[in-house]
Amino acid sequence: MALYLVTGGAGFIGSHLVERLLIRGESVRVADNFSSGLRSNIPGGVEVVEGDLAAPGVAARAVVGADYVLHMAAVPSVPRSVADPIGTNHDNVDATLQVLVAARDAGVRRVVFSGSSAEYGDSPDLPKREDMPPTPVTPYGLQKLIGEQYCRMFTSLYGLETVSLRYFNVFGPRQSPDSPYSGVISLFISALLRGQSPTVFGNGSQTRDFVYVTDVVNGVLRAATTLGVAGESINIATGRSVSVLQLVRALQQVAGTIVEPTFAPPRGGDVLHSQADITKARTLLGFEPAVSLEDGLRDTVAWFKQATPVGA
Ligand code: UD2
């Protein structure tokens, strides 16, 4: 039995990781500042270190005795980084550096870093392969690239094992629709279930590679323990993409509604198309996405229905 520190363990992806680790019988500690994560997402009995990981001493406290650090804590929003580059740099870069230093000093076996497809920027080449030159076009993309480069440097310079995963568009239960910066699927489901019109930015032809959260959890856990992958950056996605309009249609079907979308001007910093090549994840990690978009949307809509009281 190993001790896993899940930073951001009260958040969307982090809480799914905590749940799976507990089912596997591992020991789990969560570090979270509860800026967006919810205490109710953390199962009872799990040790929690509360605080800002970028503040001196917090990361050191959190990593004590940990075998693996799954660094999920972040402000994972492209538009929010455009609106607040300094605040998001604090949470996405300063906190990551503190976690890496603490993990190095504590003799952690491996750190898994949460990178992003936003690191690729808006180059027209598709699908995105890890060996393509990253050209981020937003503070968020750059912050994730810096975190990833710090990870690789800590591996070569200090011998701390790190693996960076570039998540594409993750969705599933517990993704919060409560902020204008929330993920598109959570916003669309929340609108449709209230009988409100979802807002499509631009003409809806932009495409994304939507990956279900339990598949991401599989990728993270494989990245934590697979031998011989330290220092690597690996896409975690499905390798397929759909347009935002196709997504609206699929959700209308699943939710059983005919509410039509409203169109608004394109969002600043948005990339047009995003789709991953997942050959590297398959080859190095044995990763294979198991949940189709339709099944994932069905489960996510079902979760939103039970989480949202009728009439709310
Ligand atoms: C997602 C991730 C981000 C990063 C990035 C990598 C989320 C919340 N963010 O950013 O962390 O990994 O992928 O590329 O998952 N849209 C609408 N209407 C809405 C909201 C969004 O049309 O109400 C569009 C938006 O213009 C974009 C697409 O949907 O074209 C996806 O937007 P998003 O905010 O869900 O995710 P993205 O790709 O900016």
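The following refers to the structure shown. Since the structure is predicted, the reported quantities are computational estimates derived from the model, not experimental observations. (Residues numbered from 1 in each chain as written. Predicted model: local features only at pLDDT ≥ 70, side-chain atom pairs only at ≥ 80, totals over all residues. Heavy atoms only, no water.)

1. Quick notes on a nonpolar patch on the surface
- Together, M153, L157 and Y158 give the surface a local cluster of nonpolar side chains, amounting to about 310 Å² of exposed area.
- Mapped onto the fold, Y158 is located in helix α5 (residues 139–158). (Patch = residues over 30% accessible without salt bridge, like charges linked within 9 Å, V, L, I, M, F, W, Y side chains within 5 Å. Areas by Shrake-Rupley, 256 points an atom, 1.4 Å probe, with all protein chains shown as cover. Salt bridge = Lys/Arg side-chain N within 4 Å of Asp/Glu carboxyl O. Helix = DSSP H or I, 4+ residues; strand = E, 2+ residues; numbered from the N terminus.)

2. Some words on helix α4 (residues 85–106)
- The end-to-end C-alpha separation of α4 is 30 Å, in line with the 32 Å expected for 22 residues at 1.5 Å each.
- Roughly 25° is the biggest bend found in α4, and it falls at D91.
- Packing partners of the buried residues in α4 comprise α2 (58–63), β4 (68–71), α3 (78–83), β5 (110–116), α5 and β6 (162–167). (Expected span 1.5 Å × (residues − 1). Bend = angle between axes of the 7 residues up to and from the residue. Contact = heavy atoms within 4.5 Å.)

3. Quick word on the packing of aromatic side chains
- If you walk through the whole model with that rule in mind, you get six aromatic pairs.
- Pairing Y4 with Y68 gives two aromatic rings, centres 4.8 Å apart and planes at 25°, and the pair type is stacked. Here Y4 is found in strand β1 (residues 3–7), whereas its partner Y68 is found in strand β4, with 64 residues between them in sequence.
- When the ring of Y120 is compared with that of F168, the centres are 6.2 Å apart and the planes differ by 40°; the resulting orientation is tilted. Taken together, the residues span a long stretch of sequence, with Y120 in the loop between β5 and α5 and F168 in the loop between β6 and β7 (169–171) at a distance of 48 residues. Note on accessibility: Y120 and F168 belong to one class, buried.
- Among the aromatic residues, those joined into a ring-pair cluster are Y150, F154 and Y158. (Phe/Tyr/Trp six-rings, centres within 6.5 Å; stacked < 30°, edge-to-face > 60°. Buried < 20%, exposed > 50% of the residue type's maximum accessible area, 1.4 Å probe, protein only.)

4. Let's talk about the pairing of β6
- With six of six residues buried, β6 is to be regarded as a mostly interior element.
- Residues T162, S164 and R166 line one face of β6 and the alternating positions V163, L165 and Y167 line the opposite face, and both faces are buried.
- Relative to β6, β5 runs parallel, the two sharing six bridges. Bridging across to β6, S116 finds its partner in Y167.
- Assessed by its sense of winding, the connection that carries the chain from β5 through α5 to β6 is right-handed.
- When β6 meets strand β11 (residues 233–236), the two strands line up parallel, connected through four bridges. For R166, the partnering residue across the bridge sits in β11 and is N235. (Pairing = 2+ DSSP bridges. Right-handed = clockwise from strand over helix to strand, strands pointing away.)

5. Structural notes on the site of the ligand
- In the neighbourhood of the ligand, 20 residues make up the surrounding shell, with S117, V184, T199, R208 and D270 lying closest.
- Interatomic distance of 2.9 Å between a side-chain N/O atom of S117 and an oxygen atom of the ligand.
- Measuring from an oxygen atom of the ligand, one finds a side-chain N or O atom of D270 at 2.4 Å.
- In the complex, 93% of the free accessible area of the ligand, which totals 730 Å², lies under the protein chains.
- Taken together, the residues that form the shell around the ligand break down as ten nonpolar, seven polar and three charged.
- Residue contributions to the shell around the ligand reach at least three from each of two domains, namely domain 1 (3–168 + 213–237 + 281–285) and domain 2 (184–207 + 240–275 + 291–307). (Near = heavy atom within 4 Å. Polar contact = N/O pair within 3.5 Å; in protein donor to acceptor, adjacent residues only side chain to side chain. Nonpolar A, V, L, I, M, F, W, Y, C, P; charged D, E, K, R; others polar. Domains from an automatic or database assignment.)

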